[in-house]
Amino acid sequence: MTNKVVLTFKDGKILKGLTSNFFPNKNTFHLSTEDGQITEVNREDLKAIFFVKDYSGNKARKDMYDDHIPGAGRKIQVIFKDNEVITGFCQGYSSDRPGFFVVPAAKEGNNERIFIVTSATATVKFL
């Protein structure tokens, strides 16, 4: 299965493309960028991987994070070291793991799910 993703790096860089070999327990995976190049990505260089519906999104949209998503886990708020905040639902957070998935609490947004790299977080709390 191929996933459309937007990668955000700890250094602020952003890459968009497709991946079919990302696994949370593997250190590296490949990204086929929009210009057709294949790049090997180290998970620990990342802040998060956004699994998206499309690459453009809607930057003007204001997400409310009030949606309830049955079966998505507990509501969680993640504050990254760069102060970005994400609110969503998580089934398997553990600070001992290299990362965890979050289902955004705004169903109508562009993000279907987000893999957050634990080392990029400042605070993680359940709401």
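Student: Report on the overall build of the chain, specifying residues and quantitative values.
Tutor: A count of helices and strands for the chain gives 0 helices and 10 strands. Residues counted as buried form 37% of the 127 residues belonging to the chain. In the chain, the share of contacts with a sequence separation of at least 24, taken over all contacts with a separation of at least 6, comes to 51%. On the chain, roughly 7,400 Å² of surface is accessible, and the fraction owed to carbon and sulfur atoms is 48%.

Student: If you had to explain the environment of Asp82 to someone new, which residues and values would you point to?
Tutor: One can find Asp82 in the loop between strand 6 (74–80) and strand 7 (85–90). Only 2.7 Å separates the side chain of Asp82 from the side chain of Lys47, close enough to count as a polar contact.

Student: Requested: an account of the nonpolar core, with residues and values cited.
Tutor: Counting residues in each nonpolar core, the largest one holds 14 residues, and the members touching the most others are Phe50, Phe80, Ile86, Phe100, Val102, Ile114 and Ile116. Secondary-structure elements contributing two or more residues to this core are strand 5 (46–52), strand 6, strand 7, strand 8 (99–104) and strand 9 (111–117). Setting aside residues no more than four positions away along its own chain, Phe80 makes contact with Lys47, Ala48, Ile86, Ile116, Ala120, Thr121 and Ala122. Listed in part, the 12 residues of the second largest apolar core include Val5, Leu7, Phe22 and Leu46.

Student: Give a description of the sheet that holds strand 1 (residues 3–9) that names residues and reports values.
Tutor: Taken in spatial order, the 10 strands line up as 4-3-2-1-5-9-8-7-6-10 in an open sheet, and their pairing is antiparallel. Lying at the two open borders of the sheet, with one neighbouring strand each, are strand 4 (38–42) and strand 10 (121–126). Here the average twist between neighbouring strands, direction ignored, is 40°. Bridge count between strand 1 and strand 2 (residues 14–19): 6 bridges; the pairing is antiparallel. Note on strand 2: the bridge partner recorded for Thr8 is Ile14.

Student: Go over the side chain of Asn3 with me, naming the residues and quoting the values.
Tutor: Among the secondary structure elements, Asn3 is positioned in strand 1. Contacts of Asn3, omitting those with residues within four sequence positions, involve Gly17, Leu18, Thr19, Phe51 and Arg113.

Student: Which residues make up the environment of Val41, and what values do they have?
Tutor: Summarising the element assignment, Val41 is placed in strand 4. When its relative accessible area of 2% is taken as the criterion, Val41 is described as buried. Through-space distance from the C-alpha of Val41 to that of Phe29 is 5.4 Å; in sequence the pair is 12 residues apart. Residues contacting Val41, with those up to four places away along its chain left out, are Leu7, Phe9, Asn27, Thr28, Phe29, Leu31 and Leu46.

Reading guide: rules and limits
Position numbers for residues count from 1 along each chain, tracking the sequence in the order it is written. Whole-chain, interface and lining totals are the exception, using all residues; otherwise, since this is a predicted model, local features are given only for residues with pLDDT of at least 70 and side-chain atom pairs are given and counted only at 80 or more. The basis for every side-chain value is the complete set of heavy atoms in the structure, and neither hydrogens nor water enter the calculation. A run of H or I in DSSP becomes a helix once it reaches four residues, and a run of E becomes a strand once it reaches two; helices and strands are each numbered from the N terminus. Throughout this description, buried means an accessible area under 20% of the type-specific maximum (1.4 Å probe, protein chains only), exposed means over 50%, and partly exposed covers the range between. By definition in these notes, contact holds between two residues if any of their heavy atoms fall within 4.5 Å. Only the protein chains shown count as cover for residues, and the accessible areas themselves come from Shrake-Rupley with a 1.4 Å probe. Under the rule applied, a polar contact is a pair of N or O atoms within 3.5 Å (in protein, one hydrogen donor and one hydrogen acceptor; residues adjacent in sequence only if both atoms are side-chain atoms). Side-chain atoms within 4.5 Å link the members of a nonpolar core, which is a set of buried Ala, Val, Leu, Ile, Met, Phe, Trp, Tyr and Cys residues. DSSP-based pairing: two strands are paired if at least 2 bridges between them are found. Helix axes use the C-alpha atoms of the stretch in contact, all axes being lines fitted to C-alpha atoms, and the angles between their N-to-C directions lie in the range 0 to 180 degrees.

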